Structures are given as C-alpha cells and as structure tokens.
Amino acid sequence: MIKLKPKFDLDRDVVSDIFEKEATVRSVKDCSAALDARILNIERDGGVLYSWVGATGTTRIGKYDPKKKVNKLLYTFDQQACISSCSINKEETLLAVSLTQRSGGEERFKPTSKCLTLLIEIHPINNTKVLKAVDCLVRVQFLHPETDRNSVLESHLLLLAEDGYVDQYHVLLTMREGYRVVMVNPERLTKLAERIAEDVGWVQWDRHTQRLYYLTHRFYPSHNCETVLELQLELPTIPFSTVRFVNLGFDHYYEERSEQECIRMEVFTNKIGSMCVCYSPPGNKAEERTYTVIFAHKGCSKTLRVPSNRASAHIHPLFLPIGYYLLVYLPGNFLHCINTRQQEMLCHSLFLSGQDARSGLPRESSDVVVLGVEDGDSATALLDLASGRIYSADLSSAFLLQILYADNPPRSVDLPARRGPGRVSEPGDPAVTGPARRPDAQRLAALHCLLVSVGQEPELEVKIIDWLCDNVPPFESFDQIQEFILASLYRISYGKFLSLDKVLPYSSVFDKEITAAPLEVPGVSCDTELHANPIFRGKARSLQGFWSELQWNTDKIKYLEAVPNPRYRNSPIKADWDKLRSERRRPSSCLKHIEENTKKVLSMVDTWSLDKKMVPLFLEEDPEQRALIGLMVDKLREHLKIHLPRLGKKKIDSLVVNYVAKLLELIRHLLEYVWLKYNLGPCVLCLTQRGSPAEWTAFYFMCRILEATRCLCLPLPCGFHTLLAVLGVRCLPQHTFLQYLDHGLLQLTETFVRRLMADLDNSDVNEKLKFSVLTRLSEELEVILGFISLKLPSRQIAHGSCNWPPMEQRIYQLWDHPVTSASISRDYVKTVFEKLNKKKGFVFTGKEKPGFRPDFLPLTYLTQILSDVEQQVSALNPFEEQENVDARFVEETALKQTLILLGIQEK
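From a predicted model like this one, the values you see are computed outputs, not experimental measurements. (Residues numbered from 1 in each chain as written. Predicted model: local features only at pLDDT ≥ 70, side-chain atom pairs only at ≥ 80, totals over all residues. Heavy atoms only, no water.)

Draft legend 1. Spotlight on the pairing of strand S27 (residues 368–373). Most of S27 sits inside the fold, with 6 of its 6 residues counted as buried. Where S27 meets strand S28 (residues 380–384), 5 bridges bridge the pair, whose relative direction is antiparallel. Bridging across to S28, glycine 372 finds its partner in alanine 381. (Buried < 20%, exposed > 50% of the residue type's maximum accessible area, 1.4 Å probe, protein only. Helix = DSSP H or I, 4+ residues; strand = E, 2+ residues; numbered from the N terminus. Pairing = 2+ DSSP bridges.)

Written as structure tokens, this is what we have:
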C-alpha cells in the first residue's frame, strides 16, 4: 500500500564517512568496534543531527546536509556523553544539547534521574551556558523562521520537560570583530525565559510548519497569547500518564509502564487549511480496536471500530498522513486509508484487512516515527528507528492498480514510443496476482486514490484509462467513467482552495439512487458526529497563512452546512439547455453571452496539444454542444459567486473556464488513448467499408462515454457525435443503426449526413439507408438547429412530394438521385410561380426556345413559361449553392422521372 523511497541511511551517509576520516588515525576494524552512531534530531531544512562515539572515547555531534550530501562536525565532548536531545539554530551558531546520565548497556534505553540542558556557542568559540539541571527528561528545539537573511542576531529555543511544562528562551546575539557571534548577557537567559504552558499531558512538534501542539487542563490568560484556537475534544477518561515526545526525540526511551496504558494522539495539517486530530485509546481485551479522526476543517469526527486480534492489543495503530489521505495501520490487522476531504461517504476511503493489509513499512508501527509531510504535500517523511533510515512514503500505485484489476488481469498493449508504455503489465507488476473479487467500495476508493497520484505520476492516467477500456460495463453502485471525469476535475481544482470541497462535485454517487450496501465497508462500524467548529479568540483578523485558511474554512463550513444543496450539480441545467436549444433560431443577448463563454473555453482547448489531431474532434461547428458548454460555464460561475465570493470574480472566471476546458480535454484524452491502443487511423471515417473488431470496441467505449456524460448533463467535444455516427454505420447492422438513431443513442449532424450522401453509392442497400436517414433528418435538425421542419413519412420521400427546410435542402442536394432532383425541380417551379404572381405586366411570348422538344405539350408549355419568367422576373434560385438549376434542369428531371416510372430507364 505504501511506496518507500530512501532519503537517508545512517550507515551509508554518515557511518561510512566517519570510517574514512577515523581510518586516518586507526584501522577500520578498530573504528567499527568503537563507533556508536545514532540520530538525534531532524531540522526544518531536512538536516539530520547525529552523534557518535569516536575511537578516542570522545562524543561528537554532526550534521548531514541532504541537499549537498555532506557531513559537518558541529561539536565535540572530551569524554563519552549520553545525548538525549539536540537542536541547532538556522544560522548554525548555537547548539542546544540535553544530556542524561546513564550507566551504559541495556539501561541506556531507560529514563534517568538527572538531565542537564546546555546552550553552546559553536561559531567561532565554544562558550557554554547551563539552561536546566532537572530530574526529568528535557527536549530542546530551535525555531527556524522563514527568512532570506543569512545572519539573524536572534534565536528562539523551546524546552519541553517531561514534568509537563514548556519554556521558550529568546536568545539575543551580537557579532564581534566582524565574524564572532556570541550571546548577549547569557547570565540573564534563564531569568527571561517565558513559560508557554503548564500541566501539559501531551505535546507534538511539527518541524515543517514550526508549530507546537499540546494538551493542557487549563489555560493561562497571562501567557501573552494574541490569538487562541479553541478546539473541544471529548477524549477517553483514561488520563495521559506522562508527556509523550512525539516527533521530537529519536532514542525513544521506554517507560516502566507499558505503552498500551497511554493514549496515542497526533495532529496533521495541510497548508491550504485542513486539520485532522487523530487518537486511539489503549488496547483492551475486547477483540475490537477503536480510533477517532476529528476533521477540524469539516466540523465533524468519525469514530471507527474494527475487529482485531489479542496479539496486537499492546500495539497502537500508526497514523500516517499522505497527501490529503490519512492512513491508520495496525500491523497484522488492518490498514485504513481515510479520505480527509471526501469523508461524507465511507466508500471513498479504502479499508484493507487480513492478508491485504500490507503496508510496505519496514517495521511495526512502534518502530516507525512520522517526521511530517514533505514539501509538495504529497509524500511523508518516515524514520525507521531500528535501521536509522529515513524514507519518503507515498501511496503505491502498483498496489492500487492491483485492486482495480482484481477481476480481470491486465493485457499487455504496445503503444507508440512517443506516448510511452500504455499498459501496466511490467516485470514484477502485482496487478496479475490479486484476489478474484473486490467489493465495489474498494475499487471506488482505489480509483480515487490513484487519480490523486496522477499529478506526481502522469503515466498513471494512461494506466487508468486502459483499465476503463478493459472494464467498460458499469459496476452496480457507480459508473467508473463518471468517477474518472469528476474525480479528475476535482483533483485539478482542489489544490489551491480547500473550500471547493463542499462546492464542486467529486463523485457520481451523489447523483445515483443506490442501496446503502456498496457505501459500507464490511467489518467496520463508523459513527459520525458533528463537532463545534474551532473558535478563534483574540486578534483573529490578523491571522495569516495556514491559520487564515483554517479560519476561512471553518467559517465557510458553518455557512455551507446551513445552505441546502451547496454542491454544484450539472444535471439540473438540462431544462435550461432544452429551452436554449428551442430558442436558437431567435438571436438574443442571452445566446450571445452563452456563445462568448463557449469561445473562451474552446480557445483554451485549441491551445493544448492535440497530438497531431489523430482523433477528429474540435473540427466542426456543433451548435448543441456549444450551447451546453456555454451554459455550464454560466451556471458554474453563478454557483461559485454565490457560495465562494471570497475568491473574487477573476479567480472564479479563470477556474470555471479551466474546469470546463479540462472536461473536454479529458474526454479527448480518453478517445486518443483508444485510437493509440487499437491503432486506429483515418480509415475509420470511410463509410464504404465495414468496421473491424477494434473499431467496434472503440464504438462501444464511445457509447459508454456518451451515456456517462448524458446522465450528468456534461458537454462533449465538438465532433464527438459525428465520429460516433460514422463508427455506428461501419460497425452496426443497418436496422440496428436506425434503432440507435430512434432511441437517441446516435445523433445526426450535418457533417455526418454530408459524408453519408457523398461517400455511399446508390445501391439498393445504400439507397435504403439514405432514405431512412433523410426521414429522420427533419426531426433531428429541428431539435439541434432550431429549424421548423416537417415530419414526413418515408412514402412521401419516395414519391418526392415534400418541401424541405433550408438546412435539409443543403443536405438533400448532395445526393445525385432522381428523388432529390424531382424535389429540387418542384421547389424551383414553386419559387418561380410565386415570383410570377407578384409580378404585374408579365407577357407570355409563346416562342419556342432552342433545345425544347415539343413531343410532350404540357412539359413543353411549362418549360416555355419558366424560360420567360427567368428572363423577365429574375426568379431566386431555391438552392443558391447550386447554380445550374433552371428550366432546362426541370425539363430533364421530369423526363427522366417519367422514364423511371414507366420502367424504361433505371434510376
């Protein structure tokens, strides 16, 4: 489940370097016998502080720089010393050290009755100041403020005592002789120390955010706090016995009392304003483990109960944040990957038990320390106490893909080299060894976990799309294509604004009426409670950074909880869309506004790489989809302005346009992968050939995309319906193709009908298809283009007794067929005589024109009248694009139609 990347190895990065330096004095064998290296602390910049006992019996403190990959000696004690805690200021001029008196051997892991805390000047001279000499363990930690200055003449030091109090020392420095940095009035340091908290039962230090979290039984208003965050917690009745130094020290002493008698608690935050408080009460004899996660940014908590075995009763679960997921791991029992932003439904969180609960960690939870979330808020730093290694932990995409492919192992597909590997079938890929069946809830959660990781592993998107192609039928409780689209759009948008969690859709589960079973996790009981939101007291208006975002999120939650349906849903706009399509023939300011929205989206789509346009999309005017694109932009913009006015007009406009453009790009990317996977080329647009099995697969997949987007009323790229109709003609039997048209699964477009009329010959089968399409064309164009058309039965078309509306006329004239010629002739005659009725003073000459045959007098008389009108009235051509329609054309069409009816000539 967890993928580990080594970041630091004590033996590789430190010990080997010490051996090389010590070997200049003694042999390597002697050095290895005397060396006792251990990690002391890790500072904000990632620097690792460590100590070792040298070959001469001295104890030295060094620092490993992970960026430069070099070791630096900081300080040397003349004799062997037991260092329990150590910290260095950002400028590396002061070193705080906490020493304990231990007798050696196995007793070094037990607390002692004497602790000495020193503050040492290490640049350039070693003056030492004693800060504490007490009978309890003390941890030291310098604050590392964010500043670009190389030299700061002020440092701040925290002292955390096991007795339950926290002091802060403000150390003033001065520079002498241009380079010597020394303390100012060191004798007054202890007198000016500030007591931050007392009666502390639990404390945690976050090195990345430089925050100290602690629990206390009372608050001291005289402690000079400008702003206070009050978060009420209903903790178990079992008290905290002693202070547990979470994320502060790394020798991890063990108390006489066993660990299961204490409560384990940790706090995790994210820079965009999320806070999760996790705790687990001591294990008990009952075969059940309980843990609680409080989502402070959501104003709720979840208490989960999971069956467990008695063998792990003494082990606390490990809480591990990765991105916006929180992993709760109990070795040998379960692994729960909780979605901290989509926590409304448990099905979006992945729960594994039994043999599946393999975390990938090197040790049990008691041997692993969480160092905090790394930069980028994706991976988390972990320390393995037994080996002295630091890892970067992230979700394992291979393991999650295994869950998706549980029912049908993946097939290897070779794609062009320029696109990289298209399948996940690789050496050692675990996806082919998964169990035979996975619950829908597990695969839904795994899909969301994978889509979150796409930002760090772009090739994952290709693997997920391949799974969509291989698992086209929807599951019982969710549609995987809908989940892919909505979750991908959500991932793109949530990064900067946590408040979007309650406003944007992230799952299709909300739009479906499904039973409760797929939303539940077998073996897990969950109680959800609403909590009072955190309260900021004091100068809350001056908050910045994380605290400002947390305050905004908690305030917004109060509003969104009171507003009905705060989450945007696109499906209700269908009524507005139908109304808009019916009004398209009447220009209005609303239509112009919608079209402007569409132009913004499509202009952004056109700037993206289309990979040589191997899929013929975005190539035609599609009034129906253009209207839906513009309408979605308008409705989503209006929704965000109502619920998130803080973002401002410019940010909302940019977010909405990007959101809809990315939607179109995702659908195009789906089709692009199918084209590459099955090696489809330009031949798919040829209507004279039957489709291959690969084209049938592509057609079926496009139908699933159409169904998924239609249920959510999401727009499709312009040209999608044309391509789908072309594939339908190639892949489906003719009667099935017509049924698809009648049931609305396929849609006729002008581009498709033009290609159909031009590419297919006039064989009996093709003629029947063309007649059937033209029969349905009137109703189709009335819906799509807003033209008023006649719904005519096929027998009227066969006899040519109909008048076609303008758009249908442009399509109709493309087919070189007697029926089309007869219709064009009748429309021409009708137009001519309408002009004749409006024209006064018309004189019929009766002169015979060259080329007219007098064999059939009615026809001859008609052509003579038409010829005269052409000369005197200048009748408008019914078909302006076809200039060769005149009296001669009418005569030839009438004669040919007569010969066909008499059976003398074939059509």
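Draft legend 2. Geometry of the pattern of salt bridges. Going through the model one piece at a time under the given rule, you end up with 30 salt bridges. With a shortest N-O distance of 3.3 Å, aspartate 45 and lysine 63 are connected by a salt bridge. Of this pair, aspartate 45 sits in the loop between strand S2 (38–42) and strand S3 (48–53) while lysine 63 is found in strand S4 (residues 59–65), placing the two residues 18 residues apart along the sequence. Judged by its relative accessible area of 7%, lysine 63 is buried. As a salt-bridge pair, lysine 662 and glutamate 665 come within 3.0 Å of each other at their nearest N and O atoms. Taken together, the residues span about one helical turn, with lysine 662 and glutamate 665 both in helix H11 (residues 649–677) at a distance of 3 residues. You can call glutamate 665 buried: its relative accessible area is 14%. Residues participating in the shared-partner salt-bridge network are Asp45, Lys63, Lys72 and Glu92. (Salt bridge = Lys/Arg side-chain N within 4 Å of Asp/Glu carboxyl O.)

Draft legend 3. The arrangement of helix H5 (residues 459–470) in detail. Along its 12 residues, H5 runs 17 Å from first to last C-alpha, staying within 8% of the 16 Å computed at 1.5 Å per residue. With 11 of its 12 residues buried, H5 lies for the most part within the structure. Where H5 is concerned, the buried positions are Leu460, Glu461, Val462, Lys463, Ile464, Ile465, Asp466, Trp467, Leu468, Cys469 and Asp470. Its buried side turned inward, H5 meets helix H3 (397–404), helix H4 (440–453), helix H6 (480–494), H11 and helix H12 (693–712). (Expected span 1.5 Å × (residues − 1). Contact = heavy atoms within 4.5 Å.)

Draft legend 4. Structural context of the packing of aromatic side chains. Within the structure shown, the criterion is met by 12 aromatic pairs. For the pair tyrosine 75 and phenylalanine 77, a centre-to-centre distance of 5.0 Å together with 75° between the ring planes defines the contact as edge-to-face. Like tyrosine 75, the residue phenylalanine 77 is buried in the burial classification. The interplanar angle of 50° and the centroid separation of 6.1 Å between the aromatic rings of phenylalanine 737 and phenylalanine 752 together place this pair among those described as tilted. With a gap of 15 residues between them, phenylalanine 737 in helix H14 (residues 734–742) and phenylalanine 752 in helix H15 (residues 750–759) connect regions that are remote in the sequence. No difference in accessibility class separates phenylalanine 737 from phenylalanine 752, as the two residues are buried. Ring pairing ties together the aromatic residues Trp696, Phe699, Tyr700 and Tyr740, which thus form one cluster. (Phe/Tyr/Trp six-rings, centres within 6.5 Å; stacked < 30°, edge-to-face > 60°.)

Geometric descriptors of this kind do not, in isolation, establish any biological role.
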